[in-house]
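Residues per chain are reported as follows:
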Amino acid sequence: MAESSSTAHDSAEFKPFVWNPLQGLDHKERRYALFLNDARDVVQGAHTLMELLAWDEDRRDEAHSSNGPAPVPLFGAADRASLQRLAIASLGMLHADIECQCEGLEKAR
């Protein structure tokens with residue numbers, strides 16, 4: 001008999017996506033891999049977000065300069081501000097983590 005969907009879901013285990021696998025790494029390598037995973041996600045996410053915000057602004061500017069109908073903005077003012085704060089906070093946390101990593105290297109010397 002086929003396994004019921006509820007049984008299949010009960011046995012499923014959430015496995016988060018990671019860029020660098022962590023299995024088989026010692027403590028130091030694992031911490032570094034976790035840092036790289038976080039750094040890569042933050043940088044790629046911030047890059048994509050800034051591209052979207054710039055594209056939306058360019059699109060509005062082009063419509064304004066051509067006296068055409070104003071396009072519906074992809075992001076409203078409140079959403080733009082919120083997304084910019086998200087990028088600032090994410091990059092700030094990444095910067096703090098980088099500083100901790102650098103301090104750790106200095107202490108190791």
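Just so you know, these numbers come straight off a predicted model, no measurement behind them.

Visitor: Any chance you could explain the overall build of the protein chain here in plain terms?
Guide: Along the protein chain, the regular secondary structure elements total three helices and zero strands. Along the protein chain, helices (α) and strands (β) appear in the sequence α-α-α when read from the amino end. Within the protein chain, buried positions represent 15% of all 109 residues. A separation threshold of at least 6 residues defines the contact pool for the protein chain, and within that pool the share at least 24 residues apart is 37%. As displayed, the protein chain has an accessible area near 8800 Å², and 59% of this comes from carbon and sulfur atoms.

Visitor: What exactly am I supposed to notice about the environment of L91 here?
Guide: Within the secondary structure, L91 is located in helix α3 (residues 77-108). For L91, a relative accessible area of 39% corresponds to the partly exposed category. Beyond its immediate chain neighbours, meaning those up to four positions away, L91 contacts V42 and A46.

Visitor: Is there a simple way to think about the state of the cysteines in this case?
Guide: Note: disulfide means a covalent bond formed between the sulfur atoms of two cysteine side chains. In this structure the tally under the stated criterion is zero disulfides. Left without a disulfide partner, C100 is nearest to the cysteine sulfur of C102, which lies 9.4 Å away. With a relative accessible area of 37%, C102 lands in the partly exposed category.

Visitor: In this structure, what is going on with the pattern of salt bridges? I would like to understand it.
Guide: Pairs can form between side chains of opposite charge once their charged atoms are near each other. One pass over the structure, following the stated rule, counts three salt bridges. In this structure, R80 and E57 form a salt bridge, with 3.1 Å as the shortest nitrogen-oxygen distance. Of this pair, R80 sits in helix α3 while E57 sits in helix α2 (residues 27-65), and the two are 23 residues apart along the sequence. Looking at R80, the relative accessible area reads 10%, which means it is buried. What you see here is one network of salt bridges that share partners, running through D56, E57, R59 and R80.

Definitions and cut-offs
- Residues numbered from 1 in each chain as written.
- Predicted model: local features only at pLDDT ≥ 70, side-chain atom pairs only at ≥ 80, totals over all residues.
- Heavy atoms only, no water.
- Helix = DSSP H or I, 4+ residues; strand = E, 2+ residues; numbered from the N terminus.
- Buried < 20%, exposed > 50% of the residue type's maximum accessible area, 1.4 Å probe, protein only.
- Contact = heavy atoms within 4.5 Å.
- Areas by Shrake-Rupley, 256 points an atom, 1.4 Å probe, with all protein chains shown as cover.
- Disulfide = S-S within 2.5 Å.
- Salt bridge = Lys/Arg side-chain N within 4 Å of Asp/Glu carboxyl O.

From the geometry alone we can't say anything about function, so treat these as descriptive.
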